[in-house]
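# Notes for the structure review
The chain contents come next:
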Protein chains: 2
Amino acid sequence: MLREEKLYTTSSDYVYDELLHKILMRQMKPGERLAEVNLAVALGVSRTPVREALRRLASQGLLEIIPNVGARLVSPSQKDVEDTFKVRSVLETTAIRFALQNMDDTNLEELEEGIAQEEKAIRRGEFEEYLAVNEDFHRIIAHLSGNEVLESFIKNCIARISIYTAIIDSPIHEILESSLSEHKKILEAIRERDVSKAEKNMEEHMINTSNFLFSYGKKMV
Amino acid sequence: MLREEKLYTTSSDYVYDELLHKILMRQMKPGERLAEVNLAVALGVSRTPVREALRRLASQGLLEIIPNVGARLVSPSQKDVEDTFKVRSVLETTAIRFALQNMDDTNLEELEEGIAQEEKAIRRGEFEEYLAVNEDFHRIIAHLSGNEVLESFIKNCIARISIYTAIIDSPIHEILESSLSEHKKILEAIRERDVSKAEKNMEEHMINTSNFLFSYGKKMV
DNA sequence: TCCTCCCAATTTGGATCCAAGATATATGAG
DNA sequence: CTCATATATCTTGGATCCAAATTGGGAGGA
């Protein structure tokens, strides 16, 4: 895995990336406890860099740290996730508006390539791979906005939502297909350089994703 | 000062709040170096909690930490600040829209009281006091949105912008007056429960603040 | 049987210590 | 006199250590 090959200047960064990756890959469940020594031993470092990484994640709203008790992954309520989607929606529509101004053919190809990989992962039933490429679509657009603050906020929203969706053990094929087709619709608007259509498609994608999530969540209960 | 009386459960939180306060009060300049031992001695703690606080601030985009070199306050370019204002604008218009749905008479009084304090501080020429209450107007609205993610992002934008405005040593009375009158216009729209007017006034306030900042910045050069 | 209190074990918060990297100074060659 | 190299000093990264807080369990009493 590339992530492991990456050379880190500090152990703290290594631990941070490792934990964030686990979160994005849904390898941790909401409310899960993160004991410092466990992580330190598992990652082959001391408690110091582990603690620094935990504080960073906590300040981004991904962990909750209670003094003298410890850190656990947040356990977002349905309202928390809805709130996150509301914010994400305005941020992503803004991002796609900016991105359209900056985008050239190379960028467009990159997005198309990403969607092709999504499709391939779904067809092959490679869920791990799907998770790795799915949100890349959004991250690429966020990046193309050329606005670093916007990009970091969007990434944060995605991470927050990842924690919630980790409770869904076996993803419903229906959701994946639907998400893919919405990505295609957004891409189509981008190809046509139709700003308001792109914004509209993006907003609908956010609403649909949110709704799908909760209609599924209710079924589970 | 109340902040000093506050009881902290951890030294790390204490250091964090202390540094954030200095940033919001424009007591630190962009690019300023933050040596760990200096801060530790100044605040009467060891390097450990200082380092944790520095990482937290860095993960929020307020500090830049270079491995083996150290931490310094970020030194945002004009584009960085413009980008921050763009994001802040969409976040704050969203916040005021949500806030209007939740707001009762008590909340309205709180906003009016805040604006009265702003006015008082300006009249008396108490700049320190002005800084303390000025952005409270925005923080209150962000809080009334009832959306914690939105609130945290808005606060982060305000902090980022505070760093930039710290280069303005003596604030121009003109800016303060103009900001105050815009707050009053926003409040007026809130009183009338006019959502689109409130959004419009808020957006204009953002644009004006941003423009004022840069027209002033150019004069300085 | 259940509740309360107390003690042991575990875990975190924070201080200290050491090594490694970076910076600044000084030294020597051209 | 200038530049390059070497060295000393300073600062950070990370490991370890100790104290304090929390948790879990067991003993004792109602």
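Just above sits the structure.
Residues numbered from 1 in each chain as written. Chains lettered and ligands numbered in written order. Predicted model: local features only at pLDDT ≥ 70, side-chain atom pairs only at ≥ 80, totals over all residues. Heavy atoms only, no water.

This part covers the side chain of B:Arg26. Residue and element names in this part refer to chain B. Along the chain, Arg26 turns up in the loop between helix H2 (11–24) and strand S1 (33–34). A distance of 3.4 Å separates a polar atom in the side chain of Arg26 from a polar atom in the side chain of Ser162. Polar contacts involving the side chain of Arg26 include one to the side chain of Thr165, which spans 2.9 Å. Look past the residues within four positions of Arg26 in its chain and what remains in contact with it is Leu131, Glu135, Ser162, Thr165 and Ala166. (Helix = DSSP H or I, 4+ residues; strand = E, 2+ residues; numbered from the N terminus. Polar contact = N/O pair within 3.5 Å; in protein donor to acceptor, adjacent residues only side chain to side chain. Contact = heavy atoms within 4.5 Å.)

Contacts to DNA strand C come from 20 residues, most closely from A:Arg47, A:Arg55, B:Ser11, B:Ser46 and B:Thr48. Backbone atoms, meaning sugar and phosphate, make up 67% of the atoms of DNA strand C lying within 4 Å of the protein. Here a sugar or linking oxygen of DNA strand C sits 3.5 Å away from a polar atom, N or O, in the main chain of A:Asn68. Looking at the surface near DNA strand C, the elements with two or more residues in it are helix H4 (47–59) of chain A together with H2 and helix H4 (47–59) of chain B. Classifying every residue of the surface near DNA strand C gives 6 nonpolar, 8 polar and 6 charged. (Near = heavy atom within 4 Å. Nonpolar A, V, L, I, M, F, W, Y, C, P; charged D, E, K, R; others polar.)

With that out of the way, let us pick up the sheet that holds strand S1 (residues 33–34) of chain A. A sheet is described by the order of its strands in space; here 3 strands give the open sequence S1-S3-S2 (chain A), paired in antiparallel fashion. At either end of the open sheet lies a strand with only one pairing partner, and these are S1 and strand S2 (63–66) of chain A. (Pairing = 2+ DSSP bridges.)

This paragraph deals with the protein's contact with DNA strand D. The environment of DNA strand D is formed by 21 residues, the closest being A:Ser11, A:Ser46, A:Thr48, B:Arg51 and B:Arg55. The share of sugar and phosphate among atoms of DNA strand D within 4 Å of the protein is 67%. Interatomic distance of 3.3 Å between a backbone N/O atom of B:Glu36 and a phosphate oxygen of DNA strand D. A distance of 2.7 Å is found between a phosphate oxygen of DNA strand D and a side-chain nitrogen or oxygen belonging to B:Arg55. Those elements that place two or more of their residues in the surface near DNA strand D are helix H2 (11–24) and H4 of chain A together with S1 and H4 of chain B.

Turning our attention to unusual backbone geometry. Residues and elements named next belong to chain A. The phi angle at Arg26 is positive, at roughly 60°, despite the residue not being glycine. Arg26 sits in the buried class, given a relative accessible area of 16%. Backbone geometry at Asn68 places phi at a positive 65°, although glycine is not the residue there. Following the sequence through the fold, Asn68 ends up in the loop between S2 and strand S3 (70–73). (Buried < 20%, exposed > 50% of the residue type's maximum accessible area, 1.4 Å probe, protein only.)

Here we take up the interface of chain B and chain A. Residue-level contacts link 30 residues of chain B with 30 residues of chain A. Summed over the three residues of chain B that lose the most area to chain A, namely B:Glu52, B:Val149 and B:Phe153, the buried surface amounts to 23% of that side. Remark: the boundary between chain B and chain A carries 4 salt bridges. One salt bridge in this structure joins B:Arg55 and A:Glu52, with 3.6 Å as the shortest N-O distance. Our enumeration of links across chain B and chain A arrives at 7 residue pairs in polar contact (both at pLDDT 80 or more). Every element with two or more residues in the side of chain B that touches chain A is listed here: H4, helix H5 (78–102) and helix H9 (148–165) of chain B. When residues of the side of chain B that touches chain A are assigned to their parent elements, the largest contribution, 10 residues, is made by H5(B). (Buried area = accessible area lost by both parts, 1.4 Å probe. Salt bridge = Lys/Arg side-chain N within 4 Å of Asp/Glu carboxyl O.)

The next point concerns helix H3 (residues 36–43) of chain A. Residue and element names in this part refer to chain A. All buried positions along H3 are accounted for by Leu39, Ala40 and Leu43. An end-on view of H3 places all buried positions within 100° of arc, on one side of the element. Projecting away from the buried face of H3 at angles above 90 degrees are the exposed residues Asn38, Val41 and Ala42. Positioned one or two residues after H3, Gly44 has a phi angle of 70°, which is positive. (Arc of directions from axis to C-beta.)

Let us look at the pattern of salt bridges. Tallied over the full model, the rule gives 38 salt bridges over all chains. A salt bridge links A:Glu92 to A:Arg88; the nearest nitrogen and oxygen atoms lie 2.7 Å apart. Within this pair, A:Glu92 and its partner A:Arg88 are both found in helix H5 (residues 78–102), separated by 4 residues, close to a single helical turn. Using a relative accessible area of 0% as the deciding quantity, one classes A:Glu92 as buried. For A:Lys155, the salt bridge is made with A:Glu151, and the minimal N-O distance between the two is 3.3 Å. One end of the pair, A:Lys155, and the other, A:Glu151, are both in helix H9 (residues 148–165), 4 residues apart, so they sit about a helical turn from each other. By relative accessible area, A:Lys155 is classed as partly exposed at 38%. Among the residues examined, A:Glu151 registers a relative accessible area of 12% and is labelled buried. A single salt-bridge network, built from bridges that share partners, covers A:Glu36, A:Arg47, A:Arg51, A:Arg55 and B:Glu52.

Nothing here speaks to function; it is all geometry.
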